[in-house]
Amino acid sequence: KGHVRFEDVAFGYEPERIILKGVTLDVPAGSSLAVVGPSGAGKSTLARLLYRFYDTTAGRITIDGQDIAKVQQSSLRAAIGIVPQDTVLFNDTIGYNIAYGREGAGQAEVEEAAKGAAIDGFIAALPQGYESTVGERGLKLSGGEKQRVAIARTLLKDPPILILDEATSALDSRTEEAIQATLDGAAQGRTTIIIAHRLSTIVGADQIVVLDAGKVAERGTHGELLAKG
Ligand code: ADP
Ligand code: ADP
């Protein structure tokens, strides 16, 4: 489950300015696709189309052969987990933030998801800027820790399709390694589309697509792209 296809997709935020042109992608269920390319190439736009923040201008996107334009938005979005580059946390505990969107999640499930994302030491903590009624002060989480909250939320949601928008921000190499391991774990057994900024992800991806000015400029495995230069 979770075979994603983009078939000759075109898109423009404004009709007179086309952002994506003739984009065809085939991501078999359970495999990973890394999308790389310069800023402004249209990488994030691909993710927004899959989640149906916007509809394609031409062509279509299918999941398991079904046109996503014909699928109920709620069931489409239930099938997709997004780990954004910048996670905005609600003014409540980390545990609440992880459980958000999964009504009725039990404490044990939340803890397991938190553990999977290596954020289990923080479940009861409050994000910075929040002060509880008993006067507890919030805890400042780093960008990497916030990303782990988003990963935990996704693990709890357990969708067949995962979109990762990796942070470009300079993480120290130890944090980067830890997050990479967490992301790899989350991607296990899921169709994963990675807007890639890290070399490590590109090496591990089943397919790499280089997007340039809204078009697929190159595609292949890491080895194939290296051989082409
Ligand atoms: P990145 O380089 O990390 O992919 P971008 O700089 O492309 O991020 O975009 C950052 C945010 O700004 C995105 O959420 C996008 O929706 C918004 N954005 C980018 N370009 C425009 C634009 N021309 N008009 C409105 N919003 C934009
Ligand atoms: P990338 O993720 O590769 O950096 P984006 O998909 O964010 O690229 O953006 C692709 C192009 O679309 C850019 O020219 C950007 O300015 C434009 N863009 C992005 N978001 C919006 C938006 N909400 N409205 C109008 N233009 C946008």
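What counts and what doesn't
- Per chain, residue numbering runs from 1 following the sequence as it is written.
- Written order decides the labels, with chains lettered from A and ligands numbered from 1.
- Local features in this predicted model are restricted to residues whose pLDDT is 70 or higher, and side-chain atom pairs enter the listing and the counts only when it is 80 or higher, whereas totals over whole chains, interfaces and linings include all residues.
- Calculated side-chain values reflect all of the structure's heavy atoms, with hydrogen atoms and water omitted.
- Starting at the N terminus, helices and strands are each numbered in turn, a helix being any DSSP run of H or I of at least four residues and a strand any DSSP run of E of at least two.
- We call a residue buried when its accessible area falls under 20% of the maximum for its residue type, exposed when it is over 50%, and partly exposed in between, using a 1.4 Å probe and counting protein chains only.
- Residues grouped as a nonpolar core are buried Ala, Val, Leu, Ile, Met, Phe, Trp, Tyr and Cys residues, joined through side-chain atoms within 4.5 Å.
- Whether two residues are in contact is decided by their heavy atoms: any pair within 4.5 Å suffices.
- One heavy atom within 4 Å of a molecule or strand makes the whole residue count as near it.
- Side-chain atoms alone can form a polar contact between residues adjacent in sequence; in general such a contact is a pair of N or O atoms within 3.5 Å, and within protein one must be able to donate a hydrogen while the other accepts it.
- For the accessible areas, the method is Shrake-Rupley and the probe is 1.4 Å, while residue cover comes only from the protein chains on display.
- In this classification, the charged set is Asp, Glu, Lys and Arg, the nonpolar set is Ala, Val, Leu, Ile, Met, Phe, Trp, Tyr, Cys and Pro, and all remaining amino acids, among them Gly, are polar.

The name that an unreviewed UniProt entry assigns to the chain is ABC transporter ATP-binding protein/permease, with the source organism given as Sphingomonas edaphi.

**Some remarks on the environment of Gly40**
Here Gly40 lies in the loop between strand E3 (32-36) and helix H1 (43-50). Gly40 sits in the exposed class, given a relative accessible area of 71%. Taking the C-alpha atoms as reference, Gly40 lies 9.6 Å from Leu211; in sequence the two are 171 residues apart.

**Considerations on the nonpolar core**
In this structure, Ile94, Ile98, Ile119, Val149 and Ile208 are the most contacted members of the largest nonpolar core, which totals 32 residues. At the level of elements, E3, helix H3 (94-99), helix H4 (107-116), helix H5 (143-157), strand E7 (161-165) and helix H6 (173-187) are the ones that each hand at least two residues to this core. Per-element accounting of this core gives the leading share, 5 residues, to H5. Among all residues touching Ile98, those that are not within four sequence positions of it are Val110, Ala113, Ala114, Ile119, Val149, Ala152, Arg153 and Leu156.

**Quick look at the site of ligand 1**
Taken together, Ser39, Ser44, Arg48 and Gln85 make up all the residues around ligand 1. The side chain of Ser39 places a nitrogen or oxygen atom 3.2 Å from an oxygen atom of ligand 1. Ser44 has a polar side-chain atom sitting 3.2 Å from an oxygen atom of ligand 1. Within the complex, the protein chains bury 28% of what would otherwise be the 560 Å² of accessible surface of ligand 1. Taken together, the residues of the shell around ligand 1 sort by class into no nonpolar, 3 polar and 1 charged.

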